[in-house]
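Working through the structure, step by step
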Amino acid sequence: MAMTMPRKIDIHLNPGPPGGFHSPIIHGQQFQHLPRARNYDPYNLECYHQRQSYRRLTAAVLAFVFLVLFIIFLVWIILRAAKPAFVLQDVTVFAFNVSGPAALTSIMQATVLSRNPNARVGVYYDKLVLYVSYRNQQVTLSAGLPATYQGHKDVVIWSPVVSGANLPVAPQVAQSLVQDQMTGTVLVNIKVGGRVRWKVGTWVSLRYRLRVSCPAFISWGSKSTGIVMGDAIKYQMASRCSVDV
């Protein structure tokens, strides 16, 4: 009876990278050992991505809430902001008379003071104009005022000269001026109009319409209380103006 010899199996190691795994080769077939991450858990990886998503969502919500609160704060500051206070200091009359059946000629200089009463809000004055009105009719051309910034509790003064030669008016307006001058008192209104912007910190608001009306009672003829300055008469006023923003 023939004896069966045990089969010889050749096994040798396939050299791998330093510090890596060695894959054995049996009869020319190599068995790969795939390295596995230590403590690998698919559930923990999914939780990690969920936590990242929650953090991004929380950060976005907090940023949105902060923005809304900041806008509310700005609106609250602006709504609490007091309007600028305007005062008519003086009016100098060079000419104010009827120059035709329905025309007036006027040359005046008005000094207007503006004070910002706010401690936290600044004011930008944009495109301001000043003119004189008599019995609801404009009797001078508009004079542009320089744009300026008014800081907290700050004061700005304008003193432009406005005039109008033979400006057309309603016939009854010309007649009223003659009667008022004979009576000795003429009421005119110094008008200021334009745009303003509020400034809180570095934030600047949109433009708002500004309307200012300053009454000026001018004494005439023998009742005049003005100061004669050559061909002009200067009247001290110090009257408060109505302001609409």
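My aim in this report is to walk through the structure given alongside it, one point at a time. (Residues numbered from 1 in each chain as written. Predicted model: local features only at pLDDT ≥ 70, side-chain atom pairs only at ≥ 80, totals over all residues. Heavy atoms only, no water.)

A few words on the packing of aromatic side chains. Following the criterion strictly, the structure yields five aromatic pairs and no others. Note on Phe86 and Tyr125: the rings are 6.4 Å apart at their centroids and 90° apart in plane angle, and the pair reads as edge-to-face. In this pair, Phe86 is assigned in strand β4 (residues 85-100) and Tyr125 in strand β6 (residues 122-134), connecting sequence segments 39 residues apart. For the pair shown, Phe86 and Tyr125 are each scored as buried. Ring pairing ties together the aromatic residues Phe86, Tyr125 and Trp158, which thus form one cluster. (Phe/Tyr/Trp six-rings, centres within 6.5 Å; stacked < 30°, edge-to-face > 60°. Helix = DSSP H or I, 4+ residues; strand = E, 2+ residues; numbered from the N terminus. Buried < 20%, exposed > 50% of the residue type's maximum accessible area, 1.4 Å probe, protein only.)

All right, on to the pattern of salt bridges then. Close approach of charged atoms allows side chains with opposite charge to pair. All told, the structure shown has four salt bridges when counted by the stated rule. Asp126 serves as the salt-bridge partner of Arg197, at 2.7 Å between the closest nitrogen and oxygen. With Arg197 in strand β12 (residues 185-200) and Asp126 in strand β6, this residue pair connects regions lying 71 residues apart in the sequence. Given a relative accessible area of 10%, Asp126 falls into the buried group. The residue Asp126 makes a salt bridge to Arg207 at a minimum N-O spacing of 3.3 Å. Taken together, the positions of Asp126 in strand β6 and Arg207 in the loop between β13 (203-204) and β14 (208-219) put the pair 81 residues apart, joining distant regions of the chain. Overlapping salt bridges, with partners in common, bring together Asp126, Arg197 and Arg207 in one network. (Salt bridge = Lys/Arg side-chain N within 4 Å of Asp/Glu carboxyl O.)

A separate point is the pairing of strand β10 (residues 155-158). Remark: a regular strand shows side chains that alternate across the two faces of the sheet. Residues Val156 and Trp158 of β10 are buried on one face, while the alternating residues Val155 and Ile157, pointing to the opposite face, are not. Bridge count between strand β5 (residues 103-115) and β10: four bridges; the pairing is antiparallel. From the neighbouring strand, Leu113 faces β10, where its bridge partner is Ile157. (Pairing = 2+ DSSP bridges.)

Relative to β5, β4 runs antiparallel, the two sharing 13 bridges. Along β5, the bridge assignment pairs Ala95 with Ile107. Between β4 and the antiparallel strand that follows it, β5, lie two residues. Pairing geometry for β4 and strand β16 (residues 232-240), over six bridges, is antiparallel. By the bridge assignment for β16, Val87 is matched with Arg240.

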